[in-house]
Amino acid sequence: MAGRDTLEQINGFIDDYDVDAFEHVVDGTGEIWENYQIVSQPSFIFLDANGESTSYFGALGVDGLSERLDTLTSN
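Residues numbered from 1 in each chain as written. Predicted model: local features only at pLDDT ≥ 70, side-chain atom pairs only at ≥ 80, totals over all residues. Heavy atoms only, no water.

Q: Just give me the short version of the overall build of the protein chain, but keep the residues and values in it.
A: Looking only at helices and strands, the protein chain features three helices and two strands. Listing every helix and strand of the protein chain by position from the N terminus yields α-α-β-β-α. In terms of principal-axis extent, the alpha carbons of the protein chain reach across some 35 × 30 × 15 Å. Put simply, the protein chain has 75 residues, and 15% of those count as buried. (Helix = DSSP H or I, 4+ residues; strand = E, 2+ residues; numbered from the N terminus. Buried < 20%, exposed > 50% of the residue type's maximum accessible area, 1.4 Å probe, protein only.)

Structure follows, in structure tokens:
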């Protein structure tokens, strides 16, 4: 599971798609993928103030990401 992409490929994706406005996590060991049962990219794991997680697998786009972040920050 670990090593799906190299750091160079990850940085290339970030540059190519201009998605550097938020943090990208590099999971070199696969521990995060395993812990959150991630099976594909893109995947988003949202953590609320209590540490509870909500998973979304697939592309969100700007509107979808904004909607989920608004929901998390409004509570």
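Q: Could you give me a rundown of the environment of W33, with the residues and numbers involved?
A: One can find W33 in helix α2 (residues 31-35). Taking relative accessible area as the criterion, W33 reaches 12% and is therefore assigned buried. In this structure, the C-alpha to C-alpha distance between W33 and S43, residues ten residues apart in sequence, is 9.5 Å.

Q: Before we move on, could you go through the packing of aromatic side chains and cite the residues and values that matter?
A: Under the counting rule described, the total for this entry stands at two aromatic pairs. With centroids separated by 4.8 Å and ring planes inclined at 35°, the aromatic side chains of F13 and Y17 adopt a geometry described as tilted. Ring centres of F44 and F46 lie 6.1 Å apart, and the angle between their planes is 10°; this geometry places the pair in the stacked category. Neither residue differs from the other here; F44 and F46 are each classed as buried. Stacked on the ring of Y56, the Lys or Arg R68 has its end atom at 4.4 Å from the ring centre. (Phe/Tyr/Trp six-rings, centres within 6.5 Å; stacked < 30°, edge-to-face > 60°. Lys NZ or Arg CZ within 6 Å of the ring centre and 35° of its normal.)

Q: So, the pairing of strand β1 (residues 43-47): which residues are in play, and what are the values?
A: Residue alternation in β1 divides its side chains into a buried set, F44 and F46, and an unburied set, S43, I45 and L47. Here β1 pairs with strand β2 (residues 53-57) via five bridges, running antiparallel. Looking at β2, one finds that L47 is bridged to S53. With antiparallel pairing between neighbouring strands as the criterion, β1 and β2 make up a hairpin whose turn holds five residues, including G51 at a positive phi of roughly 85°. (Pairing = 2+ DSSP bridges.)

Q: Give a description of the environment of I32 that names residues and reports values.
A: With respect to the helices and strands, I32 occurs in helix α2. Exposure remark for I32: the relative accessible area of 32% places this residue in the partly exposed category. In this structure the C-alpha to C-alpha distance between I32 and S74, which are 42 residues apart in sequence, comes to 26 Å. Among all residues touching I32, those that are not within four sequence positions of it are V25, D27 and I38. (Contact = heavy atoms within 4.5 Å.)

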